[in-house]
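# Secondary and tertiary structure notes
Single-letter residue listing:
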Amino acid sequence: MQDSGKKGFSRGDYLRWWHGLANILYIIGMHAGLILWLWYGRDVLPYPYFLAVSILGALVHQRILSEWFHEAIHWNIVSNKKWNDRLANVLTGPFNGVRIKNARTKHFYHHRVESFFMDDDPDTCAAAVINKRELLLGLLRDVSGMTALEAFFSVSANDLSKSKESMFIGIFWLAYLLVIHCSLFYLTVSAGYYDIYPIYFVTLISLYPIANRLRLYLQHATVREDGTLLIGGSKVSRTYSGGLFSQIFIQSPMIMYHHEHHAFPVLPYRALRAMTMARPSSDVNIHGKHPIQLLTKLITGF
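This text gives an overview of the structure that appears in the document.

### A short note on unusual backbone geometry
- For W75, which is not glycine, the phi torsion reads 60° and is therefore positive.
- Turning to its location among the elements, W75 is positioned in the loop between α3 (47-73) and α4 (81-91).
- For F117, which is not a glycine, the phi torsion comes out positive at approximately 60°.
- Within the secondary structure, F117 sits in the loop between α6 (100-112) and α7 (132-144).

Below, the structure written as structure tokens:
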């Protein structure tokens, strides 16, 4: 890990108390917007359109929330590390079911590896493919829910496979999730909204893994000189600059400065954004500008 201070971009300058407050309000506002839509949106649109917008909204919410979760893994929601973890467990844990310390242990292995989409990288190994057939099989695995469920149980098992204290914390965490979701499920069903939980959590286990897979390819697949992609064994970490559409539907500023993030993982996204603007690159494997063009290479060939 390099010293960010020597590069002129310090964590303290880009994670002051007002940055932390803005981060918290962003996450709360995102939750509130989705909940209000799922509750009242059916009164605005005919149900088929409401359902389609709700699925898309849930997917966008899950993807952006995962990027805030990633910030929390690196202690970048608020500057105080203990409060960072507490807030992450309250603001993101009930949605993805993962305790922040468990995810951190796994994710830091990702930062240690030299090549991505290999067996020793827990973050990208499930997305490793070498041809279109394997890509199709991977997508089918994603939409079946197997990718999401395996990832959840893999992370959750960290608590149950360690000390008695860790096992107790894991059991408490599962009980915490159970109380929250039983209460919320009862509330939504009592109000006659039987579809809210299926809309959100079916989307989470079937569509979000596809969005995450595509995001991993944007971040870590190598574009060869002939324009084809190298996925397994790639050593690339790529920043993608995108407009509003890209930030909403593909990857948000919290994670899109990925080349800089792997060089300086301690820095919050605002510092990485400033770094990217100060040091642009024309190398497509460092800074990309058209994410859709790279994703189409999954169709044209490897």
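From this point, the narrative continues.
### Description of the packing of aromatic side chains
- Tallying each qualifying case throughout the model produces 16 aromatic pairs.
- Judged by centre distance (5.2 Å) and plane angle (70°), the ring pair of F152 and F153 falls under edge-to-face.
- Residue F152 is classed as partly exposed on the basis of its relative accessible area, which comes to 23%.
- Feature note: the residues F95, F185, Y197, Y200 and F201 constitute an aromatic cluster, connected by ring pairs.
- The lysine or arginine in question, K81, covers the ring of W75, its NZ or CZ lying 4.4 Å from the ring centre.
- The residue whose ring lies beneath R86 is W83, and the NZ or CZ to ring-centre distance is 4.9 Å.

### What about the pattern of salt bridges?
- Enumeration over the complete set of coordinates arrives at 7 salt bridges.
- With its nearest N and O atoms 3.0 Å apart, the salt bridge here joins R42 to D195. Taken as a pair, R42 in the loop between α2 (17-40) and α3 and D195 in the loop between α9 (164-190) and α10 (196-206) lie far apart in primary sequence, 153 residues in all. As far as the burial class goes, R42 and D195 line up, both buried.
- Across the pair R141 and E150 runs a salt bridge whose closest N-O atoms are separated by 2.5 Å.
- Judged by relative accessible area, which is 42%, E150 ranks as partly exposed.
- One salt-bridge network, held together by shared partners, links R63, E67 and R215.

### Observations concerning a nonpolar patch on the surface
- Together, L56, L244, F245, I248 and F249 give the surface a local cluster of nonpolar side chains, amounting to about 490 Å² of exposed area.
- No other element matches helix α12 (residues 244-249), which puts 4 residues into the nonpolar patch.
- Position of I248 relative to the elements: it lies in helix α12.
- For I248, a relative accessible area of 31% translates into the label partly exposed.

### Some remarks on the packing of α2 against α3
- Interhelical geometry of α2 versus α3 gives an angle of 165° and a closest axis separation of 10 Å. Here α2 is positioned roughly antiparallel relative to α3, judged by the angle of their axes. In the crossing of α2 with α3, the sense of the turn from one axis to the other is left-handed. Where α2 abuts α3, its residues N23, Y26, I27, M30, H31, L34, W37 and L38 lie against F50, V53, S54, G57, A58, H61, I64, L65 and W68.

### Side note on the nonpolar core
- Ranked by internal contacts, the top residues of the largest apolar core, which has 21 residues, are I24, I27, I64, W68, F69, I77 and I100.
- Put simply, the parts of the chain that give this core at least two residues each are α2, α3, α4 and α6.
- Here I24 is in contact with I77, V78, L87 and L91, once residues within four sequence places are set aside.
- Core analysis: the second largest hydrophobic core is formed by 18 residues, L218, V223, I250 and L294 among them.

### Thoughts on the packing of α3 against α6
- It is at 9 Å that the axes of α3 and α6 come closest, and there the two elements cross at 80°. It follows from the interaxial angle that α3 and α6 lie roughly perpendicular. Where α3 approaches α6, its residues F69, H70, A72 and I73 are matched on the opposing element by I100, A103, R104, H107 and F108.
- Taken together, the residues of the contact of α3 with α6 sort by class into 6 nonpolar, 2 polar and 1 charged.

### Considering the environment of L34
- Its location among the elements puts L34 in helix α2.
- Expressed as a C-alpha distance, the spacing of L34 and V60, which sit 26 residues apart in the sequence, is 9.7 Å.
- Ignoring any residue separated from it by four or fewer positions in sequence, one finds L34 in contact with G57, A58, H61 and Y200.

### Here we look at the side chain of R238
- Positionally, R238 belongs in the loop between β2 (229-230) and β3 (239-240).
- With no salt bridge to any partner, buried R238 finds its closest opposite charge in D283, at an N-O distance of 7.2 Å.
- Among the polar contacts listed, one links the side chain of R238 to the backbone oxygen of V284, at a separation of 2.8 Å.
- Separated by 2.8 Å, the side chains of R238 and N285 make a polar contact.

### Observations concerning the environment of H107
- Here H107 lies in helix α6.
- Judged by its relative accessible area of 6%, H107 is buried.
- Measuring from C-alpha to C-alpha, the distance between H107 and D123 comes to 6.5 Å, with 16 residues separating the pair along the chain.
- When residues no more than four places from it in sequence are discounted, the contact partners of H107 are H70, I73, H74, D123 and H261.

Quick notes on the rules
Residues numbered from 1 in each chain as written. Predicted model: local features only at pLDDT ≥ 70, side-chain atom pairs only at ≥ 80, totals over all residues. Heavy atoms only, no water. Helix = DSSP H or I, 4+ residues; strand = E, 2+ residues; numbered from the N terminus. Phe/Tyr/Trp six-rings, centres within 6.5 Å; stacked < 30°, edge-to-face > 60°. Buried < 20%, exposed > 50% of the residue type's maximum accessible area, 1.4 Å probe, protein only. Lys NZ or Arg CZ within 6 Å of the ring centre and 35° of its normal. Salt bridge = Lys/Arg side-chain N within 4 Å of Asp/Glu carboxyl O. Patch = residues over 30% accessible without salt bridge, like charges linked within 9 Å, V, L, I, M, F, W, Y side chains within 5 Å. Areas by Shrake-Rupley, 256 points an atom, 1.4 Å probe, with all protein chains shown as cover. Axes fitted to C-alpha atoms, helices over the stretch in contact; angles between N-to-C directions. Parallel < 35°, antiparallel > 145°, perpendicular 65-115°, else oblique. Left-handed = near helix turned anticlockwise from the far one by under 90°. Contact = heavy atoms within 4.5 Å. Core = buried A, V, L, I, M, F, W, Y, C linked by side-chain atoms within 4.5 Å. Nonpolar A, V, L, I, M, F, W, Y, C, P; charged D, E, K, R; others polar. Lys, Arg positive; Asp, Glu negative; His and termini not counted. Polar contact = N/O pair within 3.5 Å; in protein donor to acceptor, adjacent residues only side chain to side chain.

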